[in-house]
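# Geometric and topological summary
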Amino acid sequence: MEILRLCAIGITAALLSVLLKQHKSALAIPVSLAGGCLLLFRTVPYLRDLFAFAGEFASKTGLDTAYIGALIRVVLVTFVTECAAALCRDAGESALATNLEIAGKLIILGLSAPVISSLFETVIAVLP
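Cut-offs applied
Residues numbered from 1 in each chain as written. Predicted model: local features only at pLDDT ≥ 70, side-chain atom pairs only at ≥ 80, totals over all residues. Heavy atoms only, no water. Helix = DSSP H or I, 4+ residues; strand = E, 2+ residues; numbered from the N terminus. Rg over C-alpha atoms; globule rule 2.2 N^0.38 Å. Areas by Shrake-Rupley, 256 points an atom, 1.4 Å probe, with all protein chains shown as cover. Lys, Arg positive; Asp, Glu negative; His and termini not counted. Charge placed at Lys NZ, Arg CZ, Asp CG, Glu CD. Contact = heavy atoms within 4.5 Å. Buried < 20%, exposed > 50% of the residue type's maximum accessible area, 1.4 Å probe, protein only. Salt bridge = Lys/Arg side-chain N within 4 Å of Asp/Glu carboxyl O. Patch = residues over 30% accessible without salt bridge, like charges linked within 9 Å, V, L, I, M, F, W, Y side chains within 5 Å. Axes fitted to C-alpha atoms, helices over the stretch in contact; angles between N-to-C directions. Parallel < 35°, antiparallel > 145°, perpendicular 65-115°, else oblique. Left-handed = near helix turned anticlockwise from the far one by under 90°. Nonpolar A, V, L, I, M, F, W, Y, C, P; charged D, E, K, R; others polar. Expected span 1.5 Å × (residues − 1). Arc of directions from axis to C-beta.

### Overview of the overall build of the chain
Each helix and strand counted, the chain has five helices and zero strands in total. From first element to last, N terminus to C terminus, the chain shows the α and β order α-α-α-α-α. Here the C-alpha radius of gyration of the chain, 19 Å, is well above what a compact globule of 128 residues would show, namely 14 Å. Each principal axis of the C-alpha distribution contributes one length, and for the chain these read about 70 × 35 × 15 Å. With the model as given, the accessible surface of the chain reaches about 9200 Å², and the carbon-plus-sulfur share is 74%. Considering the chain, the positive charge centre built from 9 side chains and the negative charge centre built from 9 side chains are found 9 Å apart.

### Here's the deal with the side chain of E2
Tracing the sequence through the fold places E2 in helix 1 (residues 2-23). With sequence-adjacent residues up to four places away left out, E2 is seen in contact with R42 and Y46.

### Side note on the environment of T98
Here T98 shows up in helix 5 (residues 94-126). Judged by its relative accessible area of 36%, T98 is partly exposed. Taking the C-alpha atoms as reference, T98 lies 7.1 Å from A85; in sequence the two are 13 residues apart.

### So, the pattern of salt bridges
Per the stated rule, a full pass over the model turns up four salt bridges. In this structure, E56 and K60 form a salt bridge, with 3.7 Å as the shortest nitrogen-oxygen distance. Taken together, the residues span about one helical turn, with E56 and K60 both in helix 3 (residues 44-61) at a distance of four residues. The exposure class of E56 is partly exposed, given its relative accessible area of 45%. By relative accessible area, K60 is classed as exposed at 67%.

### Side note on a nonpolar patch on the surface
On the surface, I102, L106, L109, I116, F120 and I124 cluster together into a nonpolar patch covering about 620 Å² of accessible area. If you trace the backbone, F120 turns up in helix 5.

### Digging into the packing of helix 3 against helix 4 (residues 65-90)
One can describe the packing of helix 3 onto helix 4 by two numbers: an axis separation of 9 Å at closest approach and a directional angle of 155 degrees. As the angle between them shows, helix 3 and helix 4 are arranged roughly antiparallel. In terms of crossing hand, the pair formed by helix 3 and helix 4 is right-handed. Contacts from L47, F51, A54, F57 and A58 in helix 3 reach T65, I68, I72 and L76 in helix 4. Looking at side-chain class alone, the contact of helix 3 with helix 4 contains eight nonpolar, one polar and no charged residues.

### So, helix 2 (residues 25-42)
In a regular helix each residue adds 1.5 Å, so 18 residues correspond to 26 Å; helix 2 covers 27 Å between its end C-alpha atoms and thus fits that length. Turning to helix 2, its buried residues are A28, S32 and G35. With its buried residues spanning 60 degrees around the axis, helix 2 presents them on a single face. Structural note: helix 2 exposes A26 and F41 on the side pointing more than 90 degrees away from its buried face.

Structure below.
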């Protein structure tokens, strides 16, 4: 199972990072970053499956593909922001991590604005 491989990569990177912090602290963050990047690269095939499913779902249900695309972008921004903020916290930069999370939330709000606008238009059209 792929999840077991991903967990092994994550645990190995974490252990290496902890060991390096004790002896060569300058190398701990790059090892942690490399482990995180490796994990993300290993999940790319699943993203392709997700995109294929989203396109299929949109065509079968008649939903506008822009809404499905916005949803996928929101999820991806969430994941990337969370990973980057965790790396910042690991590096001891909690203020930077918080600012990164705020920036991610603002980007998500901007990406979801067309969907929210469409939702309001639909509600207004239904109301008498």
